[in-house]
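This is what each chain is made of:
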Amino acid sequence: MTESGPAATAADSAAASTSTLETTALQRVHLPRIAIQFCTQCRWMLRAAYFAQELLSTFGTDLGEVALIPVTGGIFTITLWHAVQPESSAAGHESSVSTQETLLWDRKRDGGFPEVKVLKSRVRNVIAPNRDLGHTDRALKKDEQQDAEKQTELQEENRMKKKEKDCEDCEASDEHGTFMTMLLLGGTNVRIFQSFYQSAGGVERLGGLISSLFDSVSRCDVK
């Protein structure tokens, strides 16, 4: 049974009002939209405004809007909403446009606050991947090269330290072997070999002594 009279009129009016509000809300959201949430207790408003100014100065009308959202609890996040291009369906009809949310920066997740060049690069990578940011890209490339050089230097330093340690282990093994040989050849004259071993250039002197001992043994065998 269909309602009529004042009740039906009120219901139709309410439905029309809701639809109008939803349409108006959608029209008021300009994409791409960046929202910067900042903690008012931490007094981060000027910092948030600075980031908003830098983004607007660089991207201009490529951004739909940049919003500053005051919150509490030590929060500082930068979020981007942008429209996703519709995909063609199997029937050849385009699907409706959807909105994708990307968290560009979270102070707690990423640690501290972003550098402006890093933030601009992250925004560019989403809304205009092919755009050249000029000096910002050059600065980022320079930083990447410096990081790569530091990584290479660190790897080389670790390799040299490992090599030096291996050499020290080899030298210690050689010295130990030489000392044991001298003990075996020297019999009870342990103190003599200890003095050679502990003195400066002891390894070379021990080697010479071993050669002399071998010569003496050889002469004894000949006799």
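Residues numbered from 1 in each chain as written. Predicted model: local features only at pLDDT ≥ 70, side-chain atom pairs only at ≥ 80, totals over all residues. Heavy atoms only, no water.

Here we take up the environment of Thr 136. Within the secondary structure, Thr 136 sits in helix H5 (residues 135-186). It is 5.5 Å that separates the C-alpha atoms of Thr 136 and Lys 117, two residues lying 19 residues apart in sequence. Those residues within four positions of Thr 136 in sequence are excluded, and the remaining contacts are Lys 117 and Lys 120. (Helix = DSSP H or I, 4+ residues; strand = E, 2+ residues; numbered from the N terminus. Contact = heavy atoms within 4.5 Å.)

Before going further, it helps to spend a moment on the state of the cysteines. Within this structure, the stated rule accounts for zero disulfides. Considering cysteine sulfurs only, Cys 42 is the nearest to Cys 39, which forms no disulfide, with 3.2 Å between them. Accessibility expressed as a relative area gives 0% for Cys 39, which makes it buried. Accessibility expressed as a relative area gives 31% for Cys 42, which makes it partly exposed. (Disulfide = S-S within 2.5 Å. Buried < 20%, exposed > 50% of the residue type's maximum accessible area, 1.4 Å probe, protein only.)

Now for helix H4 (residues 116-127). With 12 residues, H4 extends 17 Å from end C-alpha to end C-alpha; this agrees with the ideal 16 Å at 1.5 Å per step. What H4 keeps buried is the set Val 116, Lys 117, Leu 119, Lys 120, Ser 121, Val 123 and Arg 124. (Expected span 1.5 Å × (residues − 1).)

Turning our attention to the nonpolar core. Counting 20 residues, the largest nonpolar core has Ile 34, Ile 36, Leu 55, Phe 76, Ile 78, Leu 119 and Val 123 as its most contacted members. Mapped onto this core, the elements with two or more residues apiece are strand S1 (33-39), helix H2 (45-59), strand S3 (76-84), strand S4 (98-106) and H4. For this core, the leading source of residues is H2, giving five residues. Residue contacts for Leu 119: discarding those within four places in its chain leaves Phe 51, Leu 55, Ile 78, Leu 104 and Pro 114. (Core = buried A, V, L, I, M, F, W, Y, C linked by side-chain atoms within 4.5 Å.)

Take it as geometry only, folks, not as evidence of what the structure does.
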